Amino acid sequence: MTTLLPDLAVRVEEFDRTDELWALPPSPRGVVCWLRGGAGLIGWGEAARIEVAGPDRFDRAAAAWRAFVERLDGDAAHAVAFASFSFDERGRSVLVVPRVLVRCTGGRARTTTIGAAPAEVFVPVARPAAVRWHDGRLPAPRWRAAVAEAVRRMRSGELDKVVLARDLVAEADEPLDPRFLIEELTSRHPQCWTFAVDDLVGATPEMLLRREGDRMTSRVLAGSSWTGHDLLTSRQHLDEHHYAVASLVSATAPHCTEVRTSGPSELHLRNISHLATDVVARTTTGLFELARAVHPTAAVGGTPRDAALRLIAELEGLDRGGYAGPVGWVDAAGDGELGIALRCARLTGRRARLFAGCGLIADSDPDAEVRESEAKFAAVRDAIEGR
Ligand SMILES: C=C(O[C@H]1C=CC=C(C(=O)O)[C@@H]1O)C(=O)O
């Protein structure tokens, strides 16, 4: 389904960059962003919204985006759509084309407006008021039991790896303002990509796919420590990491040439460290078509993929929505970036539902995984608390 403005004239203006991109949207409504280290994209208002579902959601989104770009008048080359794809094929995936887009690279910023500039009433950024925390659908003891069962199944040889997630709910007295979270997340997590698309806000360290012309890059993460433990000498974490890299490389192989991997190395973030491998390749395949080929990698699904997805449905049973799905942006030429939507929350009015998942193999310890999930929640939890 596509909904769009009647007037699709594109206007572009250049101006000196600002460091406070998060403060530009005039109100909390319809904010979309993809920001890292003071640069990136932020937008508001809706020139078009494209919603797709089903196993062919990536192809349908790609076709709808191409059709939309063809309808634009003027400088269509500067148009960008923000995307949030559901983890599960039954979920709703969304492309949002903002009416106003600010793109900041190097010392310059550019505003792209589609249609007449929207009438803007400025609403100051609000800090969350009186936040209370509740268990989600999978409180820690139930999730620990699910992890223990998954480990038992892997020890019996049913599968090699699975990623199980749990949730946590924040409830504030007033509606949550995504701009506050964007500000907190960009300043706390400068190595991560802070995103807001539809109702999902977060800061992910994992780049699923970046496409610039015929160059594809990816950063695969799996294997974590929140205690400073050396990941590079841990057989368990190296094995867990290996499955994630192998799933990305084998899924992209039919679409890529000159594939090079470098890693693993350790990526140290504020609350946690990960094993990371960077992948570079040449491709002529579009960004969304590549996403169809690779999603879900074993960083969020498991190995073998189908057995892992069945076990996730059986033991986790959460509606992951956009969590662990591809999230990011695409431009008119088909270039763009899709991260994996991790360290994020779904915002609905006064509530935020946080998600955190852990990769499990036969050697995993359920108690350690519960603590790892808490360390992953901390990224958004501390941002909501503003502490
Ligand atoms: C599934 C998540 O993290 C993935 C990415 C990095 C490390 C992971 C791990 O060590 O389990 C996960 O595979 C999450 O943060 O919800």
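Basis of the calculations
- Residues numbered from 1 in each chain as written.
- Predicted model: local features only at pLDDT ≥ 70, side-chain atom pairs only at ≥ 80, totals over all residues.
- Heavy atoms only, no water.
- Phe/Tyr/Trp six-rings, centres within 6.5 Å; stacked < 30°, edge-to-face > 60°.
- Helix = DSSP H or I, 4+ residues; strand = E, 2+ residues; numbered from the N terminus.
- Buried < 20%, exposed > 50% of the residue type's maximum accessible area, 1.4 Å probe, protein only.
- Lys NZ or Arg CZ within 6 Å of the ring centre and 35° of its normal.
- Pairing = 2+ DSSP bridges.

Per an unreviewed UniProt entry, the protein is named Isochorismate synthase, and its organism is Saccharopolyspora hirsuta.

Description of the packing of aromatic side chains
Under the defined criterion, the tally for this structure stands at five aromatic pairs. Where Trp65 meets Phe68, the ring centres are 5.8 Å apart and the plane angle is 20°; that geometry is what we call stacked. Of this pair, Trp65 and Phe68 both sit in helix H1 (residues 57-71), three residues apart, roughly one helical turn. With a centroid separation of 5.2 Å and 10° between ring planes, the pair formed by Tyr323 and Phe355 is classed as stacked. Here Tyr323 is found in the loop between helix H6 (305-316) and strand S20 (326-331), whereas its partner Phe355 is found in strand S23 (residues 351-360), with 32 residues between them in sequence. Assessed through its relative accessible area of 2%, Tyr323 is described here as buried. Stacked on the ring of Trp193, the Lys or Arg Arg36 has its end atom at 4.1 Å from the ring centre. Across from the ring centre of Phe87, 4.3 Å away, lies the NZ or CZ of Arg320, which sits over that ring.

Here's the deal with the pairing of strand S22 (residues 344-348)
Extensive coverage of S22 is indicated by the burial of four of its five residues. Examined bridge by bridge, strand S14 (residues 200-204) and S22 share three bridges and lie antiparallel to one another. Looking at S22, one finds that Leu200 is bridged to Arg346. The pairing of S22 with S23 spans five bridges and is classified as antiparallel. Its bridge partner lying in S23, Ala345 is registered against Leu354. In textbook terms, the turn of a hairpin is the stretch between consecutive antiparallel strands, and for S22 and S23 this stretch comprises two residues, one of which, Gly349, has a positive phi near 65°.

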